[in-house]
Structures are given as C-alpha cells and as structure tokens.
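In case you want the letters, here they are:
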Amino acid sequence: MPHARRVTIETPELRAVLTERGGSVEGITLKNSFENDKERELVVVAPFADDLLLGHVDDELVEPAPKDQAPGPMRTHLWTYDEAASRASPELDAIFTLGRADGATWRKQWVFQQAEGRFDLNLRLALVPPDGAAVAPVAVKVLVTSGLLREPPNGAAFQYPNSGLVRLARMDEPDEFPEGVARPDLSEIDADDLRLLGARTHYYIASYFAQPEDPASPDVRTWWGTVGDPQRRESMRERVATFMEQQGPLDPGLEERIRVGVHAQYQNWLVLDVPTQPGTYVDLPLYVGPVSRHVLRQDVYANVQPVITYHFAPDILADALLAIYDLFRGLFGSAGLGVILMTLVVRGLMMPLSIRN
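1. Considerations on the overall build of the protein
Across its full length, the protein carries six helices and 18 strands. The proportion of buried residues among the 357 residues of the protein is 48%. Excluding contacts between residues fewer than 6 apart, the proportion of contacts in the protein whose partners are at least 24 apart in sequence is 65%. Of the roughly 17,100 Å² that the protein leaves accessible, carbon and sulfur atoms contribute 54%.

2. Quick word on the nonpolar core
Nonpolar side chains tend toward joint burial in soluble globular proteins. In terms of nonpolar packing, the biggest core is built from 63 residues, with Trp106 and Leu270 touching the most fellow members. Excluding its chain neighbours within four sequence positions, the residues that come into contact with leucine 270 are Val140, Lys141, Val142, Val144, Leu194, Leu197, Tyr208, Val220, Thr222, Trp223 and Leu284.

3. What about the sheet that holds strand 4 (residues 42–45)?
The strand order across the open sheet built from four strands is 1-2-3-4, with neighbouring strands paired in antiparallel fashion. The sheet terminates laterally at strand 1 (6–10) and strand 4, the two strands that pair on one side only. If you compare each strand with its neighbour and ignore which way they point, the axes differ by 25° on average. Direction of pairing for strand 3 (residues 24–30) relative to strand 4: antiparallel, over a ladder of three bridges. Looking across to strand 4, one finds that leucine 30 is bridged to leucine 42.

4. What to know about the packing of aromatic side chains
Taken as a whole and assessed by the stated rule, the structure comprises five aromatic pairs. Its guanidinium or amino end placed over the ring of tryptophan 79, lysine 108 lies 4.8 Å from that ring's centre, counting from NZ or CZ.

5. Describing the pairing of strand 17 (residues 267–274)
Across the eight residues that make up strand 17, a large majority, eight, are buried. Neither face of strand 17 is left uncovered, since the one carrying Gln267, Trp269, Val271 and Asp273 and the one carrying Asn268, Leu270, Leu272 and Val274 both have all their residues buried. By the bridge criterion, seven bridges tie strand 10 (residues 138–145) to strand 17 in an arrangement that is antiparallel. When the sheet's bridge partners are listed, leucine 143 is paired in strand 17 with tryptophan 269.

6. Comments concerning helix 6 (residues 335–356)
Counted at 1.5 Å a residue, the expected span for helix 6 with its 22 residues is 32 Å, and the 32 Å between its end C-alpha atoms agrees. A maximum bend of about 45° is found in helix 6 at methionine 350, where proline proline 352 lies one to four positions downstream.

7. Some details on the side chain of arginine 195
Its location among the elements puts arginine 195 in strand 14 (residues 194–200). Beyond its immediate chain neighbours, meaning those up to four positions away, arginine 195 contacts Arg167, Leu168, Ala169, Tyr208, Phe209, Ala210, Pro212 and Asn303.

8. Things to note about the pattern of salt bridges
Considering all chains together, one arrives at nine salt bridges under this definition. Measuring nitrogen to oxygen at the nearest pair gives 3.2 Å for the salt bridge that ties arginine 15 to glutamate 10. Overall, arginine 15 belongs to the buried group, its relative accessible area being 17%. A salt bridge links arginine 118 to aspartate 120; its shortest N-O distance comes to 2.8 Å. We classify arginine 118 as buried; its relative accessible area is 18%. Residue class for aspartate 120 comes out buried when judged on its relative accessible area of 6%. Via salt bridges that share partners, Glu10, Arg15, Lys31 and Glu41 belong to a single interconnected network.

9. Regarding the confidence of the model for the protein
Summary statistics for the protein give a mean pLDDT of 78 and a share of 74% for residues scoring 70 or more. Summarising per-element confidence for the protein, the mean pLDDT is lowest in strand 13 (residues 183–187) (50) and highest in strand 1 (95).

10. Some remarks on the side chain of histidine 56
Mapped onto the elements, histidine 56 comes out in the loop between strand 4 and strand 5 (57–58). Judged by relative accessible area, which is 0%, histidine 56 ranks as buried. Only 3.1 Å separates the side chain of histidine 56 from the side chain of serine 24, close enough to count as a polar contact. For histidine 56, the contacting residues outside a window of four places in its chain are Arg21, Gly22, Ser24, Asp50, Asp51, Arg75, Lys108, Lys141, Val142, Leu143 and Trp269.

11. Details of the environment of glutamine 211
Considering the arrangement of structural elements, one finds glutamine 211 in the loop between strand 15 (204–209) and strand 16 (219–226). Residues glutamine 211 and leucine 284, 73 residues apart in the sequence, show an inter-C-alpha distance of 8.7 Å. When near neighbours in sequence (up to four residues on either side) are disregarded, glutamine 211 contacts Ser217, Pro285, Val300 and Asn303.

12. Side note on the environment of aspartate 131
Relative to the assigned elements, aspartate 131 resides in the loop between strand 9 (120–128) and strand 10. Distance from aspartate 131 to alanine 104, taken between C-alpha atoms, is 8.5 Å for residues 27 residues apart in sequence.

13. So, a nonpolar patch on the surface
A cluster of nonpolar side chains, namely Leu327, Leu331, Phe332, Leu337, Ile340 and Leu344, defines an oily patch on the protein surface of about 600 Å² accessible area. Mapped onto the secondary structure, leucine 327 falls in helix 5 (residues 315–332).

14. A closer look at the pairing of strand 18 (residues 282–290)
A regular strand carries its side chains on alternate faces of the sheet. The buried fraction of strand 18 is high, at nine of nine residues. Across five bridges, the pairing between strand 15 and strand 18 is antiparallel. Bridging across to strand 18, tyrosine 208 finds its partner in leucine 286.

Cut-offs and rules
- Residues numbered from 1 in each chain as written.
- Predicted model: local features only at pLDDT ≥ 70, side-chain atom pairs only at ≥ 80, totals over all residues.
- Heavy atoms only, no water.
- Helix = DSSP H or I, 4+ residues; strand = E, 2+ residues; numbered from the N terminus.
- Buried < 20%, exposed > 50% of the residue type's maximum accessible area, 1.4 Å probe, protein only.
- Contact = heavy atoms within 4.5 Å.
- Areas by Shrake-Rupley, 256 points an atom, 1.4 Å probe, with all protein chains shown as cover.
- Core = buried A, V, L, I, M, F, W, Y, C linked by side-chain atoms within 4.5 Å.
- Pairing = 2+ DSSP bridges.
- Axes fitted to C-alpha atoms, helices over the stretch in contact; angles between N-to-C directions.
- Phe/Tyr/Trp six-rings, centres within 6.5 Å; stacked < 30°, edge-to-face > 60°.
- Lys NZ or Arg CZ within 6 Å of the ring centre and 35° of its normal.
- Expected span 1.5 Å × (residues − 1).
- Bend = angle between axes of the 7 residues up to and from the residue.
- Salt bridge = Lys/Arg side-chain N within 4 Å of Asp/Glu carboxyl O.
- pLDDT = per-residue confidence, 0-100.
- Polar contact = N/O pair within 3.5 Å; in protein donor to acceptor, adjacent residues only side chain to side chain.
- Patch = residues over 30% accessible without salt bridge, like charges linked within 9 Å, V, L, I, M, F, W, Y side chains within 5 Å.

Here it is as structure tokens:
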C-alpha cells in the first residue's frame, strides 16, 4: 500500500492527525482530558482501519474512478495534501484533493477553530467540475463518526451508557441506541430535520451536528448508525495501543482501559448531495469533545446541548447544585472536596425541614 502523508493540526483544545488516505482524520487528541482535575492528554478518536477514518467519502456509485488509481471505494484512495493552498488560506485548515478520470476534482477542506473552548471542526466538501461546468449534484456517503473510544462502565447508577446518538427536529431530546444494536435506516430526511448524528460515552461525544441557518448545510438523503463488529476487538486493541504509544508509554491502567474500551467502534454515515456548481460546497460541522455544560451551552452548539439534559432532576435544580459544586471545586481545586462541601451545604439548607419532619 502506498505511503500516505500525515498532517498534524493543533488548536488550543485539540490535536488532530490527518492522512492522505481518504483525505481524512486519523485521530483526535484532547489536550485536556478533564479527568481527576489533572490536565493530561487523552486520545478520544483513534484509528481502527484505513478505510474507516473520520470524514471518509464514498462515491463508488459514481463513475469514473479517480485518476491513476485502481477501482475500489473512494475512501481507500490516496488524496493529495495541498500544502500551498492550506498555507495561503486565512483559516486554520488542511486541504486535500482527488482528481477523477472525467476531469472533475474532489476537494476536502478541514477547518479547525482557533478559540479556546471550541471542540468543533468543519468538513467542507466540494466537487469541482471540469472547465467550470455545472452538472447535477452528486450523492455521496460520508463517515461522520468513527473511532470514538468506548468507555468501560464504572457501576455508577447515573452513568450514561456507550451509545449511538441521533436527534431530529421533532425530538425534544436525543435518541440513544445502545451498542450492539444497529439503527434502522431512515430515508427521506429533510435537511432541516436532522440535528445530531454521532456517538457518546459517559464523558465524550463525537458527532455531526447541523447548523440549519447555514446555507451550506447538507441536503441529507439518509443515514445509518452502528456500533461496530465485536469480532475485530483484538485487532482494534492493537491499533489503539500502537497509536497511544505515540503519545507516551502505556501504563497498566491505560492498557486495561484500551482493552475494555475497544469492544465496539462507532460508525455513523450520512448520504448527502454535494452540489457541483462552481464555488459551491457543503459544510459538515463535527463535534469531538467533552460532555460539558460549560462547553455545550455556547450558541454554536445549540443542537448538541440537549445531550446534557438532566433526566433525574429539573434543570434549575441541577444547575443550582452544580453551581455550588463548581464554587468549592474552584476554591479548593479538588473535585472530591467539592462534592463533600456541596453535600454539607445542601444538607444544611434542608436541616430546618428535616427537623420539622
């Protein structure tokens, strides 16, 4: 297999490794894992297979095949990293191109956010016809979630399960389908109807999220959601371990986390129309980051925010408790002490009622 060049993009929050193999994202590392009050890195999206990388595009139903490459799924072909165009762009991005035998050119532009607290990246997809000609839109399949590390259950009563995630406009809350269950196909989705498609663990989300007010929002035809093949667990474990070793030596705890964590991989596909008029494209915003109320309450994440709905208490009560917790955690720098002091405050406030009872 020919060598694929890799490109690393860093933002204040993320480090992404992109590859010419499919012009896609191979892995994403959170610079702060938000775990145990320690600022340490954590690989969240890890590569499992060269033909199942985040952002892979398939137009295998559209002929002819890419130039100078053997027939097969387009996601397995080598794209060309356009370093000059990427450097000239005013955005923090990486641009990949793939020529087709009919003279048309596929163009992928991965755009990253340069502000703190932003965990979204944007896949800008365009098909440039030869000589500026305008032809009918092309239907392609895009992988919008893959490689999200599964988290082992910790036995907590309120822990969210590892699950696929989808939200439509008619739904008040995201619909979650547990691992091991394939989501049935849903055809004829209006572009304004699909809000969220991805996967979540207890602490992290990797998901496509719609921006309906954006004129470049994709016209979605259908989608699929799955959670992987258990028979590939051992090979996936080796791939994830090898990838994480690039970040540093593996301690026994991390090795066990990887072993338990790769029982499933998440795959969610969109089938959408890519316009072919000169200068047109579709934008696919992708969120890869923490399940954090501070992060997800930004306006840009309005369609991701419902995943932090508190099912066991009204939001106003949950917000009040979390505000007390945040106060003590900020003052003393300890999550455990924050929980203890929050409990004492709540118990103290409830004491008059308890005495009357």
